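Single-letter residue listing:
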Amino acid sequence: MKHLRSIDELGLDGLSRLLDLTEHMAEVNRRPNPKVPALRGKTVCNVFFEDSTRTRLSFETAAKRLSADTMTFAVGSSSLNKGESLRDTIETIGAMGVDAFVVRHGSSGVPWQVSDWTSGSVVNAGDGWHEHPTQALLDCFTIRTALGRSDGFDGLHIAIVGDIKHSRVARSDIAAFTALGAAVTLVAPRTLLPPAVDDLDVTVVDDLDEVIADIDVLYLLRMQRERMREALVPSLREYTSRFGLTPARARRLGEHALVMHPGPMNRGVEMAVDPSELPGSVITQQVTNGIAVRMAVLFDLLGSGPRPPVEPRPEEETS
Amino acid sequence: MKNDKQVLGPDDVRRATTRMAHEIIERNRGLDGVMLVGLQRGGVWLAEQLGAEIARIEHPVPVGSVDASLHRDDIGLRPVSPGSVSEIPDGIDGSVVVLVDDVLFTGRTVRAALDAIGEYGRPRAVQLAVMVDRGHRELPIRPDFVGKNLPTSLDEDVRVTIDGVAISGTGMSGGSS
């Protein structure tokens, strides 16, 4: 595997391979000294054009636990503010000898562009509303370990609730959950469904109470406040009453059902109960598993098999 | 595999296992602090067999396994396919760890396993038990307990299971003498 940019690009084989490898990385993280020399001499550069706490720290920790060197490109204090183009920035960093770029950007498709400009590997850490594949991997790994489903998700019913339209997490999760065999139901108001929802292999309902009693996993998405300004949702209170996890709904959840959230959480909006009091909440495990999953991704990209020779760039670009 | 040559049968493997179990007990003057750790993947069944024999002769000892693929020195040179997840018994500090593998060849896997074991604690001693020593060491590593010394040529393949030991290869055969 050269890049990880989308779940589709990974395929079912790649998905299974990475989830198996994650078991090994999780074992490393349980050791007294959670560090292995596997990626000594490799350099991983985080390039985040959007705010992020957990994803950036998670990638950085993952790289360090594999003994790779890490660089963080802080957009705020960079020459992008002097008008340097994205391409020049990537090529400049690449010239310092970077083996993998971890890229987050507000526009869809940027990771594909970046991979045209570097001989290194590219990991998509979130591009616009498009994809966030490592989040989907850590969600799959969390479900797999919490429910003991290392053989796949056949027969599991997963409900994803909230702003599907603007969520790269939902998009990657739908692809990964269905690839592993789960039945996925989207629960959202019409205004927050993606335009091509009919092409997805999912069921759509607009009432959480319809499905809450028969699901194995309740996946709540973050309700972004700016959607209110765009008049896609009438009010936060109405959103909570129709789509939030309230104490009444929590009581109707199945005994084994998991509650998940990609963070950051809006307490009192989509999460109207204290998640620490939900027996099925695996939200902190999601964060913990994120490190192991990203270790597996970086190891698979940089540590498995010989790297293909670097192709020289065509001359016409130099100036 | 064309030139499959059976070198040991199931009875030979069973007898060698019993002998090695006795040697491990004898060398350590009992089993105080001894634990067996099989190398993923090929050494795991042998560690379990040795553990069963030792339990029959004296008393049970902890048996675990270690996957050393993240400590190898050839990462990036070939595809990596880890075995099962490591299960190291508790209390490794001050114990005697007997690493167990099916075949000892270049010694590089054993070196990686020594590094991996060191991440869990500091054993009093580490010993090495292998069913087959096929030679061609590339590192200063030697086994303490050997089922069978089996001179081979580099292009031969040695396969060890509970049902016996076989050599196959593209070479002119006749590796063992």
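Residues numbered from 1 in each chain as written. Chains lettered and ligands numbered in written order. Predicted model: local features only at pLDDT ≥ 70, side-chain atom pairs only at ≥ 80, totals over all residues.

### Looking at the domain arrangement of chain A
Residues and elements named next belong to chain A.
So, point 1. When the domains of chain A are assigned, the result is domain 1 (7–132 + 288–317) and domain 2 (133–287).
So, point 2. Placing the centre of domain 1 and that of domain 2 at their C-alpha centroids yields a distance of 27 Å.
So, point 3. Listed as interface residues are 25 residues of domain 1 and, on the opposing side, 25 residues of domain 2.
So, point 4. Counting only elements with at least two residues in the side of domain 1 that touches domain 2, the list comes to α1 (7–30), β4 (121–127) and α11 (283–302).
So, point 5. Broken down by element, the residue count for the side of domain 1 that touches domain 2 peaks at eight residues, all from α1.
So, point 6. By residue class, the composition of the side of domain 1 that touches domain 2 is eleven nonpolar, nine polar and five charged. (Domains from an automatic or database assignment. Contact = placed C-beta atoms within 7 Å. Helix = DSSP H or I, 4+ residues; strand = E, 2+ residues; numbered from the N terminus. Nonpolar A, V, L, I, M, F, W, Y, C, P; charged D, E, K, R; others polar.)

### Some points on the sheet that holds strand β5 (residues 125–133) of chain B
Residues and elements named next belong to chain B.
So, point 1. Strand order in the open sheet made by the five strands is β3-β2-β4-β5-β6, with parallel pairing throughout. The sheet is open, and its two edges are formed by β3 (63–66) and β6 (145–149), each paired on a single side. Shown here is a sheet whose adjacent strand axes are inclined to one another by a mean of 25°, direction ignored.
So, point 2. Strands β2 (34–39), β3, β4 (96–104) and β5 of the sheet are contacted by helix α2 (residues 44–57), whose axis makes an angle of about 155° with β2. (Pairing = 2+ DSSP bridges. Axes fitted to C-alpha atoms, helices over the stretch in contact; angles between N-to-C directions.)

### Here's the deal with the environment of Glu27 of chain A
So, point 1. Mapped onto the elements of the fold, Glu27 of chain A is located in helix α1.
So, point 2. Since 19 C-beta atoms lie within 10 Å of it, Glu27 of chain A is described here as partly exposed.
So, point 3. Ignoring any residue separated from it by four or fewer positions in sequence, one finds Glu27 of chain A in contact with Val85 and Ser86 of chain B. (Buried ≥ 20, exposed ≤ 12 C-beta atoms within 10 Å, placed from the backbone.)

### Brief notes about the sheet that holds strand β7 (residues 203–205) of chain A
Residues and elements named next belong to chain A.
So, point 1. In space, the five strands of this open sheet follow the order β7-β6-β5-β8-β9, with parallel pairing throughout. Two strands bound the open sheet, and with one partner strand each, they are β7 and β9 (258–260). Looking at each pair of strands side by side, their axes are set apart by 20° on average, direction ignored.
So, point 2. When strand β6 (residues 183–187) meets β7, the two strands line up parallel, connected through three bridges. Each bridged residue has a counterpart across the sheet, and for Thr185 the counterpart in β7 is Thr203.

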